[in-house]
Amino acid sequence: MKNITMIIAAGLLVVMLSGCGAHYVATNKNLGLSSDKKPVVGVIVTGFVVNAEGNPMGAILGVKYGEEITQYLKNEGVDAKVVKFSEAQTHGQLAAAVTKYNSIADYRKRVSEGFNFGRMEKDFNELGIDMLVIISGSAGNASIPVWAQATSFVAFGAMGLVTPSSDTVVTAVNGEGNPIYNDKILFTRMGRRDFGNDSHRKAMASAIAAGIKDNSF
């Protein structure tokens with residue numbers, strides 16, 4: 001019985017860390033490259049909310065998260081580079097694509113076959129990338145200390161109010177503006193989900209990078 005319980009718990013942990021499967025993965029993942037050319041992936045963070053809208057930690061940790069995802073992509077053998085949001089704004093095609101992404105009302109930023117962000121080949125060439133990965137998401141109750149959780153439990157009989165949770169929306173796009181991979185990955189209640197904790201956030205970044213590699217090429 002004990003072994004069965006451990007197996008079930010391990011299975012739940014995997015689900016909580018990896019999400020429930022990609023929302024969209026293109027059948028045709030053509031990047032317009034010759035078979036001998038290794039693609040270069042650009043990673044941009046267009047918005048990350050930590051604890052509340054307007055919290056400056058969201059932008060600061062969001063930038064760090066993008067750098068960590070980029071590094072884990074490199075660890076996975078993918079050529080990757082950070083595309084700064086300010087840099088994107090100086091490239092008209094890319095700026096328009098990011099604006100269109102941000103205008104998607106669905107909090108999962110869902111896209112599907114037929115959706116198009118607009119052609120970006122010119123900007124891709126100037127930036128030296130072949131695919132763009134757009135990252136956004138949110139984190140609640142990041143880095144709540146243990147004593148605060150204990151206080152909450154005593155006061156309310158539960159710790160749910162201060163349980164950290166995080167979600168990351170990943171959207172990979174080719175130069176023609178066609179989505180290749182789109183998903184919202186949830187990190188909640190079990191495992192490493194505290195976005196304000198360096199080791200937790202890096203574990204999330206590693207999982208996101210693996211998903212990009214597995215679903216985009």
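Please refer to the structure placed before this passage.
Parameters and conventions
- Residues numbered from 1 in each chain as written.
- Predicted model: local features only at pLDDT ≥ 70, side-chain atom pairs only at ≥ 80, totals over all residues.
- Heavy atoms only, no water.
- Salt bridge = Lys/Arg side-chain N within 4 Å of Asp/Glu carboxyl O.
- Helix = DSSP H or I, 4+ residues; strand = E, 2+ residues; numbered from the N terminus.
- 1 Å grid on protein atoms, 1.4 Å probe; cavity = no way out; pocket = protein on both sides within 12 Å on 5 of 7 lines; lining within 4 Å.
- Points joined across faces, edges and corners; volume = space filled by probe spheres on them.
- Nonpolar A, V, L, I, M, F, W, Y, C, P; charged D, E, K, R; others polar.
- Phe/Tyr/Trp six-rings, centres within 6.5 Å; stacked < 30°, edge-to-face > 60°.
- Buried < 20%, exposed > 50% of the residue type's maximum accessible area, 1.4 Å probe, protein only.
- Lys NZ or Arg CZ within 6 Å of the ring centre and 35° of its normal.
- Core = buried A, V, L, I, M, F, W, Y, C linked by side-chain atoms within 4.5 Å.
- Contact = heavy atoms within 4.5 Å.
- Pairing = 2+ DSSP bridges.

Engineer: Kindly report on the pattern of salt bridges, identifying the contributing residues and their values.
Structural biologist: For the coordinates displayed, the defined rule picks out nine salt bridges. Across the pair K37 and D130 runs a salt bridge whose closest N-O atoms are separated by 3.1 Å. In this pair, K37 sits in the loop between β1 (24-25) and β2 (40-50) while D130 sits in the loop between α5 (121-127) and β4 (131-140), placing the two residues 93 residues apart along the sequence. With a shortest N-O distance of 2.6 Å, E121 and R119 are connected by a salt bridge. Salt bridges sharing partners connect three or more residues here, namely E68, D198 and R201.

Engineer: Lay out the layout of surface pockets with the relevant residues and their values.
Structural biologist: Rolled over the atoms, a probe with the dimensions of a water molecule shows which regions are left empty. When its volume is computed, the largest pocket comes out at roughly 230 Å³. Along the walls of the largest pocket sit 15 residues, with V45, A59, G62, V63 and F85 positioned nearest its centre. In terms of residues, the lining of the largest pocket owes the most to one element, helix α2 (residues 56-75), which gives six residues. Each residue belonging to the lining of the largest pocket can be placed in one class, and the counts come to eight nonpolar, five polar and two charged.

Engineer: I'd like a rundown of the packing of aromatic side chains, residues and numbers included.
Structural biologist: Under the definition given, this model contains four aromatic pairs. Each ring, one from F48 and one from Y65, has its centre 5.5 Å from the other, and the planes form 75°; the classification is edge-to-face. Pair noted here: F48 is in strand β2 and Y65 is in helix α2, with a separation of 17 residues, a long-range link. Ring plane angle 80° and centroid distance 4.9 Å describe the contact between Y65 and F195, whose orientation is recorded as edge-to-face. Placement of Y65 in helix α2 and of F195 in the loop between β6 (179-188) and α7 (198-216) is noted, with a sequence separation of 130 residues between them. Y65 sits in the buried class, given a relative accessible area of 0%. Through a chain of ring-to-ring contacts, the aromatic side chains of F48, Y65 and F195 assemble into a single cluster. Cation over ring: K109 sits above Y101, and NZ or CZ is 5.4 Å from the ring centre.

Engineer: Break down the nonpolar core for me, citing the residues and quoting the values.
Structural biologist: Formed by 28 residues in total, the largest nonpolar core has its most connected members in Y65, L73, V133, I135, I208 and I212. Those residues in contact with I208 that sit more than four places away from it in its chain are Y65, I69, I135, T168, V170, I185 and F187. If you look at the next biggest cluster of nonpolar residues, it comprises 19 residues, including I104, F124, L127 and V173.

Engineer: Any details on the pairing of β4? Residues and values, ideally.
Structural biologist: Taken across its ten residues, β4 has eight buried, putting it largely inside the fold. In this structure, β2 lies alongside β4, joined through nine bridges in parallel fashion. The residue of β4 that forms the bridge with V41 is M131.

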